[in-house]
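# Observations on the three-dimensional arrangement
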Amino acid sequence: MDRETASEDQVSQYDGFMGSALAQARLAEAAGDVPIGAVVVRDGAIIAAAGNRRITDADPTAHAEMLAIQAAAAVVGDWRLTGCTLLVTLEPCCMCAGAIVLARLDRLVYGAADPKAGAVQTLYRLCTDARLNHQVELISGVRAEECGQMLSRFFQRQREAGKK
Ligand SMILES: [Zn+2]
């Protein structure tokens, strides 16, 4: 696990919440989408949860993080998600990392790194770029193996299905 600024007790509680994000990822997969899930936590409780719906909704922006942020803002009744933490199974892309900054989320916790599109630590560092007007605390690598394996198994099955 890699953490930029979180304390030990903050880190320990994220395992369970990542389990809820993984459950959202499984639901996304059952619906035919790529298995990625996200939850938003405030005051130690989940206030919003979503899975990737890009195929289901035929919407290129329907990533789990975007849907979870929109749902959380509706619950809070404010576009600012100050005091909230977003957990997601895969490192966010440029769009989602941008939305995380715009939503003024306190903290981002993610599972697996994304070598192809990760915009938080891998290809870009949008959530901690000092040139932007908000920086997000980061915790990465939470249940990373499970999060990554769910994706690699999904893509392997897709390839196998494509061969038939
Ligand atoms: Zn995204």
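What this report covers is the structure whose coordinates are included nearby. (Residues numbered from 1 in each chain as written. Predicted model: local features only at pLDDT ≥ 70, side-chain atom pairs only at ≥ 80, totals over all residues.)

### Things to note about the overall build of the chain
Along its length, the chain carries four helices and six strands. Along its sequence from the N terminus, the chain presents helices and strands in the succession β-α-β-β-α-β-α-β-β-α. For the chain, the C-alpha radius of gyration of 15 Å lies close to 15 Å, the compact-globule estimate for 164 residues. Its C-alpha atoms put the chain at 50 × 30 × 30 Å along the principal axes. Per-residue burial over the chain gives 41% buried out of 164 residues. Partitioning the intrachain contacts of the chain with sequence separation of at least 6 by distance along the chain shows that 56% fall at a separation of at least 24. (Helix = DSSP H or I, 4+ residues; strand = E, 2+ residues; numbered from the N terminus. Rg over C-alpha atoms; globule rule 2.2 N^0.38 Å. Buried ≥ 20, exposed ≤ 12 C-beta atoms within 10 Å, placed from the backbone. Contact = placed C-beta atoms within 7 Å.)

### Topic: unusual backbone geometry
In this structure, R104 takes a positive phi of about 60 degrees despite not being glycine. Looking at the secondary structure, you find R104 in the loop between helix 3 (94-102) and strand 5 (107-112). Of note, the phi angle at R143 is positive, near 50 degrees, even though the residue is not glycine. For R143, the position within the fold is in the loop between strand 6 (137-140) and helix 4 (144-163). Residue classification places R143 among the buried positions, given that 22 C-beta atoms sit within 10 Å.

### Quick notes on the packing of helix 2 (residues 64-76) against helix 3
For the pair helix 2 and helix 3, interaxial distance at closest approach is 9 Å and the crossing angle is 20 degrees. The angle between helix 2 and helix 3 falls in the class roughly parallel. Judged by the twist between their axes, the crossing of helix 2 over helix 3 is left-handed. Contact residues: helix 2 offers E65, M66 and I69, while helix 3 offers C96, A99 and I100. (Axes fitted to C-alpha atoms, helices over the stretch in contact; angles between N-to-C directions. Parallel < 35°, antiparallel > 145°, perpendicular 65-115°, else oblique. Left-handed = near helix turned anticlockwise from the far one by under 90°.)

### Topic: helix 3
By the burial criterion, the buried members of helix 3 are C96, A97, A99 and I100. Seen end-on, helix 3 carries its buried residues on one side only, within an arc spanning 160 degrees. Buried residues along helix 3 sit in contact with helix 2, strand 4 (84-90) and strand 5. (Arc of directions from axis to C-beta.)

### Notes on helix 4
An ideal rise of 1.5 Å per residue puts 28 Å on 20 residues; helix 4 measures up with 29 Å between its terminal C-alpha atoms. For helix 4, a buried count of two out of 20 residues is recorded, marking the element as mostly open to its surroundings. (Expected span 1.5 Å × (residues − 1).)

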